[in-house]
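# Analysis of the macromolecular model
Listed here are the chains, written in short residue letters.
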Amino acid sequence: MTDVREKYRGIFIDGISVQKAYTATVDWNGTSPGSVKFYANGVLLDEQSGAGPDYEIGIDMGTVFQPSFRTDVNRLEVVAITSVGASSAAYRLPVRVIPMPSALTLLPFIVDPTDDEVHISADFSVPEPGFKAVLDLPVIGEFGAEIAANASFDYTVTDGDWEAALGVGASGDKGKRGRRPTIPGLTRYPKMKLYVGNMEISGKVEAGARGAATVSEGIVFREVFGHGEIEAKLELGRVGLPDLLGPGLSTTLGHIPGLSDALSTVTIIIYVIPGVEGDVVFALIPEFAFSEVELTGKVGLEAAYEPDFGFAKGRIYVGGEPSVRFGIPEPLLRRVQFRAYAGAEFEAWILNVGMEYVFVDVAVYDGVQAASVAGGGGSLKQFSAVPAVGNGQWRPISRDYLSSGGESFVAYIPGDTRGKVNASGTADSAL
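Quick caveat: nothing in here was measured; it's all calculated off a predicted structure.

Spatial strand order, β5-β4-β7-β8: four strands in an open sheet with antiparallel pairing. Both edges of this open sheet fall to β5 (43-49) and β8 (91-94), since each of them pairs with a single strand only. On average, adjacent strands in this sheet sit at an angle of 20° to one another, irrespective of strand direction. Sheet topology note: the strand β4 (residues 35-40)/β5 ladder contains six bridges and is antiparallel. Bridge pairing in β5 places S35 opposite S49.

Right, dumping it as structure tokens:
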């Protein structure tokens, strides 16, 4: 037995099904190949034969091993046996599976494995789907509200980091500071919205906690946070065919009762989208103490073509959004950023389909990185393209979460701080 490789190293949670591959490599040293046996805590899981040299097994980490706060309870053992019965010494690997916290037992988990990580997440809303009551008046526009109480939980097996949030309009997109994966079929719920005429106001208030999992303590709280945001979408004006007869005519006619919908197929609406959001974080270890506060202001500009054919509605839009982030403690100026996006969505009967693409997401100034480099004066980031979640998938119109160009986060990959597990084992000289 020369080596046993494991696909993921990390801390698994009992009851959450995660398939993990183990690959054993055997050098038969010219002897006739026999079989390779895989054991979980002394119980035979599988026996494989063949010429090798690699033998692979997939194990459900959430059901095969015992949950424990000790490192010496669970182990995988692999033994190679020649055709004449000579056995190698057992190659042992420790396995870390912690108990499921009682508060998480009823959550509907989704497991999203990648090449080097496993993300576990859960989202739910009350009511399901969110409450939405909107009255569309032909003359003066829409009046109503949209609201839901949401909760989310995110966990990464490979580093043990977790985050949970609960609030009104909490869409879950803050999970793992933008590291949340794109999970097919998982639709984010809309923010809290208020519709007044041609103005749309959205907001969110949530509280949550973050931490890390350890074998000896399980899910450990490291800090708590609060988050709030408010954003308005205001019609600035219209540009279209009527402007050929006179500048500003499209905007003027759009204010006349009954003409707004009629002009929708020949005009482009210009929106201004101001917004502000803030975060406050308190550390829990070694004692409860203030950690940081951040405040971000943004003013977006969006152009949208919104034809209404009666039996179906469409929306094609493009926009840009500069933002500035301040924080305490220093640096006071944390980030100056610009984001540009485009998207489309169409609604017919009780369904809609939409997609959004962020084709520019650039930090003109990164004060946090500048402060970490002696003499730094900020940093210029590269342009990046980020597709939105759920592109091109039909879904109920009550989850129309992209209607205001919602948040999209650039993937974030932290430094590799995962603990290395050194397996011990010896091989028979005959193998």
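Now that the structure has been shown, the text picks up again.
The next thing to look at is the environment of V353. On the secondary structure map, V353 appears in strand β21 (residues 351-366). Between the C-alpha atoms of V353 and G314, which are 39 residues apart in sequence, the distance is 9.7 Å.

Another point: the side chain of H227. Position of H227 among the secondary structure elements: in strand β16 (residues 218-240). The buried category is assigned to H227, whose relative accessible area is 5%. Reaching out from H227, the side chain makes a polar contact with the side chain of D279 at a distance of 2.8 Å.

Turning our eyes to something else, we now look at the packing of aromatic side chains. Under the criterion given, the structure shown has seven aromatic pairs. Seen in terms of ring centroids, F153 and W162 are 6.3 Å apart; in terms of plane orientation they differ by 25°. Their pairing is stacked. Neither residue differs from the other here; F153 and W162 are each classed as buried. Put simply, the rings of F109, F153, W162 and F221 touch in pairs and so form one group of aromatic residues.

Turning our attention to the pattern of salt bridges. By the definition in use, this model includes 18 salt bridges. A salt bridge links R70 to D72; the shortest N-O distance between them is 2.9 Å. Judged by its relative accessible area of 52%, R70 is exposed. Here R315 ties to E306 by a salt bridge, and the two come within 2.9 Å at their closest N and O atoms. You'll find R315 and E306 in the same group, each marked buried. Counted as one network, the salt bridges with shared partners bring together E231, E277, K298, E321 and R339.

Grouped together as the largest cluster of nonpolar side chains are 41 residues, with contacts concentrated most on M1, V4, Y22, V36, V78 and Y155. Ignoring any residue separated from it by four or fewer positions in sequence, one finds V4 in contact with Y22, T23, A24, V78, Y91 and L93.

Reading across the sheet, the three strands line up as β1-β3-β6 and stay open at both edges, with antiparallel pairing between neighbours. Here the strands that pair on one side only, and so sit at the sheet edges, are β1 (3-6) and β6 (54-60). When the angles between neighbouring strand axes are averaged without regard to direction, this sheet yields 20°. As paired strands, strand β3 (residues 19-25) and β6 are joined by seven bridges and run antiparallel to one another. Counted as the bridge partner of A24 is Y55 from β6.

Here the focus is empty space enclosed by the protein. Where empty space is left in the structure can be found by rolling a water-sized probe over the atoms. Scanning the entire structure with this criterion turns up two cavities of 30 Å³ or more. In this structure, the largest cavity occupies an estimated 70 Å³ of space. Lining of the largest cavity is provided by 12 residues; of these, E6, G10, K20, P94 and R96 occupy positions nearest its centre.

Before going further, it helps to spend a moment on unusual backbone geometry. What you tend to see is this: most non-glycine residues have negative phi, and most peptide bonds are trans. Going from G52 to P53, the amide bond is cis rather than trans, its omega being 10°. On the secondary structure map, P53 appears in the loop between β5 and β6. With omega at 10°, the peptide bond leading from I328 into P329 counts as cis. Within the secondary structure, P329 is located in the loop between β19 (312-328) and β20 (333-348). Positive phi, close to 50°, is recorded for N29, a residue that is not glycine. Along the chain, the position of N29 falls in the loop between β3 and β4. Of note in the backbone geometry, N41 takes a positive phi value of approximately 55° without being a glycine.

Calculation notes
- Residues numbered from 1 in each chain as written.
- Predicted model: local features only at pLDDT ≥ 70, side-chain atom pairs only at ≥ 80, totals over all residues.
- Heavy atoms only, no water.
- Pairing = 2+ DSSP bridges.
- Helix = DSSP H or I, 4+ residues; strand = E, 2+ residues; numbered from the N terminus.
- Axes fitted to C-alpha atoms, helices over the stretch in contact; angles between N-to-C directions.
- Buried < 20%, exposed > 50% of the residue type's maximum accessible area, 1.4 Å probe, protein only.
- Polar contact = N/O pair within 3.5 Å; in protein donor to acceptor, adjacent residues only side chain to side chain.
- Phe/Tyr/Trp six-rings, centres within 6.5 Å; stacked < 30°, edge-to-face > 60°.
- Salt bridge = Lys/Arg side-chain N within 4 Å of Asp/Glu carboxyl O.
- Core = buried A, V, L, I, M, F, W, Y, C linked by side-chain atoms within 4.5 Å.
- Contact = heavy atoms within 4.5 Å.
- 1 Å grid on protein atoms, 1.4 Å probe; cavity = no way out; pocket = protein on both sides within 12 Å on 5 of 7 lines; lining within 4 Å.
- Points joined across faces, edges and corners; volume = space filled by probe spheres on them.

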